[in-house]
Amino acid sequence: MLFLRQFRAELLKMFARKRTWMGFGAFFVLELIILLKLQTSEAERFFQRDFTRNTGGMELIFGDYFRGLTMAFMVMGLTIFLLGSVFLALVGGDVVSKEVEDGTMRMTLCRPVSRFRVLLVKYLSCVVYTLVLVVFIGGSALLTGMAWRGVGGLFAYVPEEHLLVLFTQKEGLIRFCSALVFLTASLLTITTLGFMFSCFNAKPAAATVITLTLFLADRILSFMPQFESYKHWFMTTHMATWTNIFRDPIPWERIAGDYMYLFGLNATFLIVGYAVFSRRDFKS
Amino acid sequence: MSAAIRLDNLRKSFAGKPALHGVSFEVQRGEIFGLLGHNGAGKSTALGILLGQVYPDEGEAFVGGISVQRERARALLKVGAIFEQPRFYDYLSGWRNLEIFTSYSAAVSRAEMDEAVEFVGLTARIRDDVGTYSQGMRQRLGLAQALLPAPEVIFLDEPTNGLDPEGIAEMRVLIQRLHRERGLTVLFCSHLLSEVEVLCERVAILNKGNLLYTGRWHDLMPKGTRYRIEMEPWSAELLGDVQLVRPGIVEVPPGSDVADLVARLVGAGVRVRVVEPERQTLEQLYLEKVLNV
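Procedures and definitions
- Residues numbered from 1 in each chain as written.
- Chains lettered and ligands numbered in written order.
- Predicted model: local features only at pLDDT ≥ 70, side-chain atom pairs only at ≥ 80, totals over all residues.
- Heavy atoms only, no water.
- Helix = DSSP H or I, 4+ residues; strand = E, 2+ residues; numbered from the N terminus.
- Rg over C-alpha atoms; globule rule 2.2 N^0.38 Å.
- Buried < 20%, exposed > 50% of the residue type's maximum accessible area, 1.4 Å probe, protein only.
- Areas by Shrake-Rupley, 256 points an atom, 1.4 Å probe, with all protein chains shown as cover.
- Lys, Arg positive; Asp, Glu negative; His and termini not counted.
- Charge placed at Lys NZ, Arg CZ, Asp CG, Glu CD.
- Contact = heavy atoms within 4.5 Å.
- Patch = residues over 30% accessible without salt bridge, like charges linked within 9 Å, V, L, I, M, F, W, Y side chains within 5 Å.
- Salt bridge = Lys/Arg side-chain N within 4 Å of Asp/Glu carboxyl O.
- Pairing = 2+ DSSP bridges.
- Domains from an automatic or database assignment.
- Buried area = accessible area lost by both parts, 1.4 Å probe.
- Nonpolar A, V, L, I, M, F, W, Y, C, P; charged D, E, K, R; others polar.
- Polar contact = N/O pair within 3.5 Å; in protein donor to acceptor, adjacent residues only side chain to side chain.
- Phe/Tyr/Trp six-rings, centres within 6.5 Å; stacked < 30°, edge-to-face > 60°.
- Core = buried A, V, L, I, M, F, W, Y, C linked by side-chain atoms within 4.5 Å.
- Axes fitted to C-alpha atoms, helices over the stretch in contact; angles between N-to-C directions.
- Parallel < 35°, antiparallel > 145°, perpendicular 65-115°, else oblique.
- Left-handed = near helix turned anticlockwise from the far one by under 90°.
- Expected span 1.5 Å × (residues − 1).

Participant: Got a minute to help me understand the overall build of chain A in this structure?
Facilitator: Check the secondary structure of chain A and you find 12 helices and two strands. Sequence-ordered secondary structure for chain A, helices as α and strands as β, is α-α-α-α-α-α-α-α-β-β-α-α-α-α. Computed over C-alpha atoms, the radius of gyration of chain A comes to 21 Å, within 12% of the 19 Å expected from 2.2 N^0.38 for 284 residues, which places it in the range of a compact globule. Residues counted as buried form 51% of the 284 residues belonging to chain A. Counting only carbon and sulfur atoms, one obtains 69% of the accessible surface of chain A, whose full area is about 12700 Å². Averaging the positions of the 28 positive and the 20 negative side-chain charges in chain A gives two centres separated by 11 Å.

Participant: Explain the overall build of chain B here, please?
Facilitator: Counting its secondary structure elements, chain B contains nine helices and 14 strands. Expressed as a percentage of its 293 residues, the buried residues of chain B come to 51%. Counting contacts in chain B only where the partners sit at least 6 residues apart, residues at least 24 apart contribute 67% of the total. The distance from the centre of the 33 positive side-chain charges to the centre of the 38 negative ones in chain B is 3 Å.

Participant: Looking at this structure, I do not really get a nonpolar patch on the surface. What am I missing?
Facilitator: Residue and element names in this part refer to chain A. Together, Leu82, Leu216 and Ile220 make up an exposed nonpolar region whose accessible area comes to about 270 Å². Mapped onto the elements, Leu82 comes out in helix α5 (residues 68–94). A residue is classified by how much of its surface remains accessible, and Leu82, at 45% relative accessible area, is partly exposed.

Participant: Hey, could you run me through the sheet that holds strand β5 (residues 66–67) of chain B in this one?
Facilitator: Strands pair in a sheet through their backbones, by hydrogen bonds, and they do so in one of two ways: parallel or antiparallel. All names here are of chain B. Pairing in this open sheet of four strands is antiparallel, and the strands run β2-β1-β4-β5 from one edge to the other. Two strands close off the open sheet at either side, each with one partner strand: β2 (17–27) and β5. As defined by bridge partners, strand β1 (residues 5–14) adjoins strand β4 (residues 58–63) across five bridges and the pair is classed as antiparallel. Across the sheet, the residue bridging to Asp8 is Glu60, located in β4.

Participant: Honestly, the domain arrangement of chain B in this entry has me stumped. Any pointers?
Facilitator: How large an interface is tends to be reported as the accessible area lost when its parts come together. All names here are of chain B. Considered domain by domain, chain B is made up of domain 1 (5–219) and domain 2 (223–291). Just the C-alpha atoms count here: the centres of domain 1 and domain 2 sit 40 Å apart. Both faces combined, the contact of domain 1 with domain 2 buries some 940 Å², and carbon together with sulfur accounts for 70% of it. Looking at the side of domain 1 facing domain 2, the largest losses of area belong to Leu193, Glu197 and Trp217, adding up to 50% of the total buried there. If you look at where domain 1 meets domain 2, you find zero salt bridges. Listed by contribution, the elements that provide at least two residues to the side of domain 1 that touches domain 2 are α7 (193–199), β9 (202–207) and β10 (210–216). Its residues placed into classes, the side of domain 1 that touches domain 2 shows eight nonpolar, three polar and two charged.

Participant: It is not clear to me how the interface of chain A and chain B should be interpreted in this structure. Could you clarify?
Facilitator: On the side of chain B, 35 residues touch chain A, which itself brings 32 residues to the contact. At the boundary of chain A with chain B, total buried surface from both sides reaches about 3100 Å², with 55% on carbon and sulfur atoms. It is Met107, Arg111 and Pro112 of chain A in chain A that bury the most area against chain B; as a group they hold 25% of the surface buried on that side. One can count one salt bridge joining chain A with chain B. The shortest N-O distance in the salt bridge between Lys12 of chain B and Asp281 of chain A comes to 2.7 Å. Where chain A touches chain B, the interface holds 20 residue pairs in polar contact (both at pLDDT 80 or more). Put simply, the parts of the chain that give the side of chain A that touches chain B at least two residues each are α1 (2–16), α6 (97–102), α7 (104–108), α8 (115–149) and α12 (252–279) of chain A. It is α1 of chain A that provides the largest number of residues to the side of chain A that touches chain B, a total of nine residues.

Participant: Hey, could you run me through the packing of aromatic side chains in this one?
Facilitator: We describe a pair of aromatic rings using the distance from one ring centre to the other and the angle between the two ring planes. All names here are of chain B. This structure, assessed with the given rule, holds 24 aromatic pairs over all chains. Taking 6.0 Å as the distance between ring centres and 75° as the angle between the ring planes, the aromatic pair formed by Phe88 and Phe101 counts as edge-to-face. With a gap of 13 residues between them, Phe88 in the loop between β6 (79–82) and α3 (94–102) and Phe101 in helix α3 connect regions that are remote in the sequence. Residue classification places Phe101 among the buried positions, given a relative accessible area of 0%.

Participant: Looking at this structure, how should I read the nonpolar core?
Facilitator: Taken as a class, soluble globular proteins show a tendency for nonpolar side chains to be buried jointly. Ranked by size, the top nonpolar core spans 84 residues in total, and within it Leu143, Phe155 and Leu187 of chain B carry the most contacts. Counting 78 residues, the second-largest nonpolar core is a separate cluster that includes Tyr123, Val151, Phe195 and Ile255 of chain A.

Participant: Before we go on, may I ask you to explain the packing of α1 of chain A against α8 of chain A in this structure?
Facilitator: Two measures define how a pair of helices packs: the angle their axes make with one another and the distance between the axes. All names here are of chain A. Look at α1 against α8: their axes get within 9 Å of each other, and the N-to-C directions meet at 55°. In terms of their interaxial angle, α1 and α8 are classed as oblique. As for the relative orientation of α1 and α8, their crossing is right-handed in sense. Facing α1, whose interface residues are Leu2, Phe3, Gln6, Phe7, Glu10, Leu11, Lys13, Met14 and Phe15, α8 presents Arg117, Leu120, Val121, Lys122, Leu124, Ser125, Cys126, Val128, Tyr129 and Val132. Residues of the contact of α1 with α8, tallied by class, amount to 13 nonpolar, two polar and four charged.

Participant: What is the right way to read helix α2 (residues 18–38) of chain A from this model?
Facilitator: Between its first and last C-alpha atoms α2 of chain A spans 30 Å; for 21 residues at 1.5 Å apiece the expected length is 30 Å, and the two agree. For α2 of chain A, the complete set of buried residues consists of Arg19, Thr20, Gly23, Phe24, Phe27, Glu31, Ile34, Leu35 and Leu38 of chain A.

Participant: Even after reading the chapter, I still don't get the pattern of salt bridges, so can you show me in this structure?
Facilitator: Tallying each qualifying case throughout the model produces 31 salt bridges over all chains. Where Arg70 of chain B meets Glu60 of chain B, a salt bridge forms, and the shortest distance between an N and an O atom there is 2.5 Å. Taken as a pair, Arg70 of chain B in the loop between β5 and α2 (72–75) and Glu60 of chain B in strand β4 lie far apart in primary sequence, 10 residues in all. Residue Arg70 of chain B is classed as exposed on the basis of its relative accessible area, which comes to 63%. Relative accessible area serves as the criterion here: at 17%, Glu60 of chain B is assigned to the buried category. Salt bridges sharing common partners tie together Glu10, Lys13, Glu99 and Lys122 of chain A.

Participant: Sorry if this is basic, but what is going on with the pairing of strand β11 (residues 225–232) of chain B here?
Facilitator: For a regular strand, side-chain orientation follows a simple rule: the groups alternate between the two sheet faces. All names here are of chain B. Relative to strand β13 (residues 249–252), β11 runs antiparallel, the two being bridged by four bridges. In the strand pairing of β13, Thr225 is matched with Val252. Examined bridge by bridge, β11 and strand β14 (residues 271–277) share six bridges and lie antiparallel to one another. Residue Tyr227 lies in a different strand from β14, and its bridge partner there is Pro277.

Participant: What is the right way to look at the side chain of Thr79 of chain A in this model?
Facilitator: All names here are of chain A. For Thr79, the position within the fold is in helix α5. The exposure class assigned to Thr79 is buried, which follows from its relative accessible area of 3%. A polar side-chain atom of Thr79 sits 2.7 Å from the main-chain carbonyl oxygen of Val75. Aside from chain neighbours lying at most four places away, what touches Thr79 is Phe27, Leu30, Ile34 and Gly84.

Spelled out as structure tokens, the structure:
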């Protein structure tokens, strides 16, 4: 019961801050810009060319697929990995260190509560934020796309993952909604990395910047041909596994392997963060 | 019955710089105990150790007979604390802040929260964002959160810092009421000696991490009576058994009369202009003890 009160209190703190909502606002504006751009005949011609080339000349059905669901998928693919990581690093990197910096952590630690419990409720609130952000981005992209062009089928095309597949409206919607859950699990790695640095004796901005630097470095290196043989060590390689939910058939074994790896990373980040936090002296 | 608070040979260094050198003292149940020392004396470190926020290199702290280092959660179950500048979530109301902080202790009823808010006189503004509060209101909110849920021991770290004279007086009255009406044990850390003098019977004096004195501050008082004396010419030989404490201040030993001294001086042709008792303040005693002034 007390745990639920603490968890509620953490969520209250997190969602009452303006900074928390910045991510939602920024994504929505970006989605609108991308969707507007996709409405132009120039963009449509570009995608039609791509679609025809990759589907072996099925241009007649392009109109059934260049609709809300496909647009939402494109918006997700274009934005969430990079921009989402920025906001998740910001929230994860801020959640503990900001309270230490502001002095509210000392006020909390006057209470008969363990440091483990304090971190646990904070981390769980970060998990909720990650889920809410991903669902908001996916949901708003889908709703906005549907409002403009209806639902339609799903043309899932991710060249760097060698993914190209067509789904009916029903199957597409199921895959799209499932992908949000897997994407949350992938992006949680960024949140947890930020959370770990937030537990260190560092300013909130430093924790966020270090998290983003590591994420971007990992992403860049994983794309370099010189590092091809090390690709399986990069976290972003495993994080990209969420797109596998759009393959037919779904490679469950590969997905499970990737998420096991990410789970191990998350657990390591949490243990290191807790170890550092639990040994710190808190003093004015 | 065990002491409400006990510090047992606490030692702590930060980055190799000693902050506490084997500090030990006890605070009895129901007393207001002053922990005195200038900035950097080690008061906050001692308080941090008592709250389990700072790990001692050696020694142990006990609250209600329970070791903070071994059973922190149980030891702090009946403890409330405020710091010199209590920090809150400025973007939330005072009420929400109380809900958040108390959620880390125990279930607190609305009636208990109302009572604490009323006690500190914040009822009218409790629904406003803390960002709009004055320093005095923040201190009062800090005190309200320390009172939830029903502590038996309360740590006050420089609670009057940053307050105007009116705020200081209000805070003093609140602390006295806490002691009188609720029988709380209060550990009052301050460098404001006048406040400690008014509120506390017993004190501990820290200087550079060393415990210089612990006991009743009245016991620090000189055994004799001190007088400020102005005479011309100044003659130390004529003082006799009267001790010159510092220029212009003499201490007449018990059993002697200042009138005898005056008669002796006048008889020797000394012009005595002023003889008045000097009231000993804790501040003077502290300066003598710490700085040998």
